[in-house]
Amino acid sequence: MKKEMSIILISFRSILNYKSSVLLLMLQASIQIMISVFLWTYIYQSNQINIAGYDFTSMVQYYLGTIIFSYFVFYPVDWEINDDVHSGNFFSILIKPVTFYKYYFCKMLGDRLAHLLFIIIPVILFSSVYYKNELLTIEILILGSIAIILSMVLWFLISCCVGMLSFWLENIFFVLTVKEIVIQFLSGILLPLSFFSNNFRLFLDVLPFNFNITLYIPSYPTHESDSNPVYFLNPA
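Since the structure is predicted, the reported quantities are computational estimates derived from the model, not experimental observations.

**What to know about the nonpolar core**
Ranked by size, the top nonpolar core spans 48 residues in total, and within it Ile33, Val77, Ile81, Tyr104 and Met108 carry the most contacts. Among the secondary structure elements, those contributing two or more residues to this core are helix 1 (2-16), helix 2 (19-44), helix 3 (56-73), helix 4 (77-87), helix 5 (89-94), helix 6 (100-130), helix 7 (138-163) and helix 8 (173-186). The element best represented in this core is helix 6, accounting for nine residues. Those residues within four positions of Tyr104 in sequence are excluded, and the remaining contacts are Val77, Glu80, Ile81, Asp84, Phe90, Ile93 and Phe156. Trp40, Tyr44, Tyr54 and Tyr63 belong to the second largest nonpolar core, which has seven residues in total.

Next comes the structure, spelled out in structure tokens:
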């Protein structure tokens, strides 16, 4: 366990060592939140009570959830595997006292903890100003932590499978780029999945991608006409 903790701490400290990176992380999260709020404020000014079952509050809650999940879960494991394989560093990882799966997962965990530490600050500030911290209840924090861990494991396994293609292909840049675009679309990061037809949603239920995000963030409102805010996490 000490070996794994050492890898996590090294990865965590590597982010903190660069002050500019910390400031950029907070700035990036703040800009994403403001863009989401301003965009949906403009859309909901067109006298629509709700869109696909979402009112303005629930829509902002949804995108806050996707921001937190994406910052914590979407670590480029496959990009690192590709770089290590073609640079020869992968073979030095194989002789480490931990398996390469543990090495990449611990490195991912340390990096994501550093990211979450700083992007959660603008999220809390936004929640306290606009919602008086109604978005950050004990239930949300507990269920959200469990959801993030499960999603992170699923993302890690998918990324490792894709990253292993670097052993057979000289350059998987195109594959990795397409994979990120497809997952962001099919997991509901770009748009809530309730925006699409029922047949398309049935198809998505067979795929694992929506379990990265939308299993825990309600992209399927239970009542299309309900204008009440939906919860940040879906307890069902």
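**Here's the deal with the packing of aromatic side chains**
Following the criterion strictly, the structure yields ten aromatic pairs and no others. On the basis of an interplanar angle of 80° and a centroid distance of 5.2 Å, the ring pair of Phe90 and Phe167 is categorised as edge-to-face. One end of the pair, Phe90, is in helix 5; the other, Phe167, is in the loop between helix 7 and helix 8, and 77 residues separate them in sequence. Given the relative accessible area of 40%, Phe167 is considered partly exposed.

**Let's talk about a nonpolar patch on the surface**
Residues Leu24, Leu27, Ile31, Met34, Ile35 and Phe38 make up a contiguous nonpolar surface patch of roughly 600 Å² in combined accessible area. Inspection of the secondary structure puts Ile31 in helix 2. By relative accessible area, Ile31 is classed as partly exposed at 36%.

**Side note on helix 8**
Counted at 1.5 Å a residue, the expected span for helix 8 with its 14 residues is 20 Å, and the 20 Å between its end C-alpha atoms agrees. Buried within helix 8 we find Leu176, Lys179, Ile183 and Leu186. One side of helix 8 holds all its buried residues, which, seen down the axis, span an arc of 110°. Exposed residues lying more than 90 degrees from the buried face of helix 8 are Phe174 and Ile181. Within two residues after helix 8, Gly188 carries a phi angle of roughly 90°, on the positive side.

**Section: the pattern of salt bridges**
Evaluated as defined, the whole model comprises four salt bridges. In this structure, Lys179 and Asp78 form a salt bridge, with 2.5 Å as the shortest nitrogen-oxygen distance. A residue pair is termed long-range when its members are at least 10 positions apart, and Lys179 in helix 8 and Asp78 in helix 4 qualify at 101 residues. Like Asp78, Lys179 is buried. Salt-bridge contacts for Glu80 lead to Lys107; the nearest nitrogen and oxygen are separated by 3.4 Å. One end of the pair, Glu80, is in helix 4; the other, Lys107, is in helix 6, with 27 residues separating them in the sequence. A relative accessible area of 17% means that Glu80 is categorised as buried.

**Observations regarding the environment of Glu170**
With respect to the helices and strands, Glu170 occurs in the loop between helix 7 and helix 8. Between the C-alpha atoms of Glu170 and His86, which are 84 residues apart in sequence, the distance is 8.0 Å.

**Here's the deal with the confidence of the model for the protein**
Here the protein averages 76 in pLDDT, and 81% of its residues register 70 or above. In this model residues 222-236 is a low-confidence stretch, pLDDT under 50, and it forms 38 contacts with partners more than four residues away in sequence or in other chains.

Definitions and limits used
Residues numbered from 1 in each chain as written. Predicted model: local features only at pLDDT ≥ 70, side-chain atom pairs only at ≥ 80, totals over all residues. Heavy atoms only, no water. Core = buried A, V, L, I, M, F, W, Y, C linked by side-chain atoms within 4.5 Å. Buried < 20%, exposed > 50% of the residue type's maximum accessible area, 1.4 Å probe, protein only. Helix = DSSP H or I, 4+ residues; strand = E, 2+ residues; numbered from the N terminus. Contact = heavy atoms within 4.5 Å. Phe/Tyr/Trp six-rings, centres within 6.5 Å; stacked < 30°, edge-to-face > 60°. Patch = residues over 30% accessible without salt bridge, like charges linked within 9 Å, V, L, I, M, F, W, Y side chains within 5 Å. Areas by Shrake-Rupley, 256 points an atom, 1.4 Å probe, with all protein chains shown as cover. Salt bridge = Lys/Arg side-chain N within 4 Å of Asp/Glu carboxyl O. Expected span 1.5 Å × (residues − 1). Arc of directions from axis to C-beta. pLDDT = per-residue confidence, 0-100.

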